[in-house]
Amino acid sequence: MKFSFVLEIDSEAQEKSTLINTLSQSLEDYFKDKDYGNDIKTFYIRITCIKTKPGYEAWYKLIKPKYIDYSKTTSKLTGEILEVFNTFSYNIKIDNEDYEDFVYANHDEGNRILANMLINSLSNLDSLPKKIKNFDKETFKNDFRLFFEDRGLI
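As the structure is a prediction and not an experimental result, all values here were calculated from the model.

Turning our eyes to something else, we now look at the sheet that holds strand 4 (residues 81–94). What the 4 strands build is an open sheet, ordered 1-2-4-3; its pairing is mixed. Of all strands in the sheet, those bounded by a partner on one side alone are strand 1 (2–9) and strand 3 (66–74). The sheet shows a mean angle of 35° between the axes of neighbouring strands, direction not considered. Where strand 3 and strand 4 come together, 8 bridges link them in antiparallel fashion. For Lys66, the partnering residue across the bridge sits in strand 4 and is Ser89. Sitting on the sheet, helix 3 (residues 107–121) is in contact with strand 1, strand 2 (42–49) and strand 4, with an inclination near 120° to strand 4.

Moving on: helix 3. Over its 15 residues, helix 3 runs 21 Å from end to end, which matches the ideal 21 Å to within 8%, given 1.5 Å per residue. Those residues of helix 3 that fall on the buried side of the exposure criterion are Gly110, Asn111, Ile113, Leu114, Ala115, Met117, Leu118, Ile119 and Ser121. Of the surrounding elements, those touching the buried residues of helix 3 are strand 1, helix 1 (17–31), strand 2, strand 4, helix 2 (96–103) and helix 4 (137–150). Here helix 3 starts with a cap whose side-chain oxygen sits 3.1 Å from the backbone nitrogen of Asp108, and that cap is Asn106.

Parameters and conventions
- Residues numbered from 1 in each chain as written.
- Predicted model: local features only at pLDDT ≥ 70, side-chain atom pairs only at ≥ 80, totals over all residues.
- Heavy atoms only, no water.
- Pairing = 2+ DSSP bridges.
- Helix = DSSP H or I, 4+ residues; strand = E, 2+ residues; numbered from the N terminus.
- Axes fitted to C-alpha atoms, helices over the stretch in contact; angles between N-to-C directions.
- Contact = heavy atoms within 4.5 Å.
- Expected span 1.5 Å × (residues − 1).
- Buried < 20%, exposed > 50% of the residue type's maximum accessible area, 1.4 Å probe, protein only.
- Polar contact = N/O pair within 3.5 Å; in protein donor to acceptor, adjacent residues only side chain to side chain.

Dropping the structure here:
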C-alpha cells in the first residue's frame, strides 16, 4: 500500500514540517509492503497546520473523506494523462489549542501529539463507501496503532 501525508503549513509552524515529513517517510516505508485488499491501494492524509485567523475559517475547512476508485485527467500544463486508482484520503486540521501545543512542543512531544491526532483520525475509515468490500480496515487500524506503539508514541 502506498501511504503518504500531504502537508499544508503556515510559516509559524514551518519548523514542524521536518518532523511531519520524517514521520510520513517512516509510515510510507512501514506500509509499502503491506496489503489490505484490492479496494484501497493508496492512502493519503492531508495535514493542515495553520493557525486560522478570525474571519478566515472558511479557507481551511476540513475536506470530507474521499474515495476514488478510478479517475483519469489530462494535465493542462504538460498534456500528460494522470490516472488515479483505489485511493482514499481525508484531512486533519491542527488548529486552535492543538496548534499552540503542537507548534511549541519539543520534538518528542510534537511526535506524540501528532501520533494521537492521527490515531484518532482513523475514525474517518468508518465513512468508507459501501462499494469498498475488499479492504481489511481492522488490520490496517491495528497496524497503524502498532507503528506508533513500537516507537513509544502512544
